[in-house]
Amino acid sequence: MTSALSLAVLLSSIHSYGEGLPSRQQGSHWYSEGQAALQRATEREINNKRGAAKNIILFVGDGMGISTVTAARILAGQQQGLAGEEYQLSFEKMPFAGLIKTYNTNQQTPDSAGTATAMVTGVKTKAGFISVDETVARGDCPASLKHGLTTALELAESQGKRTGIISTARITHATPATTYAKVPERDWEYEAPEGCRDIAAQLVEMPVGDGIDVIMGGGRRGFLPANMTDLEGVAGKRKDGRNLVQEWQKRYGKSAVYIEDQVGFSKLDSKSTDKLLGLFQPSHMRYESDRKNDKAGEPSLSEMTAKGLELMQNSDKGYFMLVEGGRIDHGHHAGNAYNALHDAVEFANAVQVAMENTDPRDTLIIVTADHSHTFTIAGYPTRGNPILGKVVSNDERGEPMDHPQLAADGQPYTTVGYANGAGYANRGEETNADGREELPLHAGRVDLAKVNTRAPGFHQEVLVPAPSETHGGEDVGIWARGPGAHLLSGTNEQSFIFHVMTHAGGLLGED
């Protein structure tokens, strides 16, 4: 209350001061923007009551570091005909923001399993661990059985809330898997040592509550036996002969719906569907820019989010839902900023859907990333320069030059790039970045004078050669609105996110 009053007084004084400013400053776009931002700051609602958040949505942009957010913001603005820099992504309009420290207990630069575990359990752990604490060795099946961690989704299930996981990656991949599985090795997606259950099996057999209500993503191969092919002619991966799709259908009966293509998604009746399992690809779902090439068809992340919310809202007990933009990370690993950024823009669209279809008075929405990447924005490009283009600087008069800036080696260079990775490739209009792994590494500089760096198939140059571009270790951003959102201001440990969710959602019950 005190801070809001102080801001109100400050706003009043600035308003009075503004009346005496020169007309040029009074009419400044930036001055007006500053006043509007300060006004919004005084209107922020602080609700710290335990259990005030009936619903919780955790959005995770996999690999969406600060530089990715900045570049995606510019790209989204430029797609709308703006210069780009002044644009705001949906979640950047949320009233509270902060920074999150992402390290694993055994790594300075983390992996997605350990980071996602921290977010959904409140306990930091080792890289590669799925909701298992750090006290066991990686891959130690027997030891891990006694060191599983309770997740926010499981707490929601135990209270009778509806639950959901949505991802453009395999639904058994690191981030979504941490909400329901417990293994000391993230690669046990469809096969595990004797005595342990693989991740896909744990999803279908989940013992807490009545299991997850809404599941949408990729990873169909992990649910089907190796002697069976899916609708796209891809064989399953399970060597144990189990058909987990059939087991899931048998568990939930007639009110459960299984879908695997756009037709099934479009026909889905949210009102008559109690449980949903949607597996739209054998492995990961396609990049947003490549989605049009899927023969069977698949929904976008924002479409899945909208449908997921419809299903979540079938109950008046509230819900917990995790939504992951999983392929932002994969675009970066491939050294392809085009796909990484377009998927980040679609991720922001999905957040917008959630913001428009929920009430901030009873729904806590958190948007963050599990980790960053070695993705950089550099040079001195002129305002509005295409974010995926070559650097065009200003001349001595401050006007954009009519040609790209040349580096010390006499060659043009791009605004965005990577510190490491497989390096340069020119694959033209190819929209599937994963094909880069079939080409040889190409570290160092290339003459880009005649190369279209804005094409979908352009892979940026790198400094250090590596089979795949790596994660970055710096802090990531976090944005929030709704009850408890104010607690995420400042710089916090990644595990703190869980504690905010359990407090705001009352997931641990009464003291």
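Residues numbered from 1 in each chain as written. Predicted model: local features only at pLDDT ≥ 70, side-chain atom pairs only at ≥ 80, totals over all residues. Heavy atoms only, no water.

## Here's the deal with the sheet that holds strand 7 (residues 319-325)
For clarity, the threshold we go by: Paired strands, in this sense, are two strands between which DSSP finds at least two bridges. In this text, helices come from DSSP runs of H or I with a minimum length of four residues, and strands from runs of E with a minimum of two, each type numbered from the N-terminal end. Only the stretch in contact is used when fitting a helix axis, every axis being a line fitted to C-alpha atoms; angles between N-to-C directions are given from 0 to 180 degrees. In this analysis, two residues are considered to be in contact whenever any of their non-hydrogen atoms come within 4.5 Å of each other.
The ten strands are arranged 5-6-4-3-7-1-8-16-2-17 in an open sheet whose pairing can be described as mixed. Sheet topology places strand 5 (256-259) and strand 17 (490-493) at the edges, where each strand pairs with a single neighbour. If you compare each strand with its neighbour and ignore which way they point, the axes differ by 15° on average. Here strand 1 (residues 55-61) pairs with strand 7 via seven bridges, running parallel. Paired with Asn55 across the bridge in strand 7 is Tyr319. Against the sheet, helix 10 (residues 244-252) touches strand 4 (214-218), strand 5 and strand 6 (275-279), its axis set at about 160° to strand 5.

## Here we look at the packing of helix 4 (residues 66-79) against helix 14 (residues 337-356)
This is how it is decided: Note on angle classes: values under 35 degrees are labelled roughly parallel, values over 145 roughly antiparallel, values of 65 to 115 roughly perpendicular, and the remainder oblique. Under this grouping Gly is polar, as are all residues other than the nonpolar Ala, Val, Leu, Ile, Met, Phe, Trp, Tyr, Cys and Pro and the charged Asp, Glu, Lys and Arg.
Running from N to C, helix 4 and helix 14 cross one another at 80°; their axes reach a closest spacing of 9 Å. Accordingly, the angle class assigned to the pair helix 4 and helix 14 is roughly perpendicular. Of helix 14, the residues touching helix 4 (which contributes Thr68, Ala71, Ala72, Leu75, Ala76 and Gln79) are Leu341, His342, Ala344 and Val345. Partitioning the contact of helix 4 with helix 14 into residue classes produces seven nonpolar, three polar and no charged.

## Looking at the state of the cysteines
Applicable threshold: Working definition: a disulfide is two cysteine sulfur atoms within 2.5 Å of each other. Note on exposure labels: buried denotes an accessible area under 20% of the residue type's maximum, exposed denotes more than 50%, and partly exposed covers the range between, all computed with a 1.4 Å probe on protein chains only.
Scanning the model with the defined rule gives one disulfide in all. Bridging Cys141 to Cys196, the disulfide has an S-S length of 2.1 Å. On the sign convention where negative means left-handed, the S-S torsion of about 115° between Cys141 and Cys196 marks this disulfide as right-handed. Note that Cys141 is positioned in helix 6 (residues 141-144) and Cys196 in the loop between helix 8 (174-177) and helix 9 (199-204), a separation of 55 residues in sequence. When its relative accessible area of 4% is taken as the criterion, Cys141 is described as buried.

## Description of the nonpolar core
Filter applied, for reference: To qualify as a nonpolar core, a set must consist of buried Ala, Val, Leu, Ile, Met, Phe, Trp, Tyr and Cys residues joined through side-chain atoms within 4.5 Å.
Judged by nonpolar contacts, the single largest core of 109 residues is most densely connected at Phe59, Phe91 and Val367. By residue number, the principal contributor to this core is helix 14, which donates twelve residues. Setting aside residues up to four positions removed in sequence, Val367 forms contacts with Phe59, Met64, Phe91, Met94, Phe347, Val351, Gly477, Ile478 and Trp479. Tyr424, Leu448, Val451 and Phe458 belong to the second largest nonpolar core, which has five residues in total.

## Quick look at the confidence of the model for the protein chain
Stated precisely, the cut-off is as follows: Per-residue confidence from the predictor is given as pLDDT, running between 0 and 100.
Overall, the prediction assigns the protein chain a mean pLDDT of 93, with 93% of residues at 70 or greater. Model confidence for the protein chain, summarised as mean pLDDT per element, is weakest for helix 1 (residues 2-19) at 43 and strongest for strand 1 at 99. For the stretch residues 1-26, pLDDT sits under 50, and the model shows 21 contacts to residues farther than four places along the chain or on other chains.

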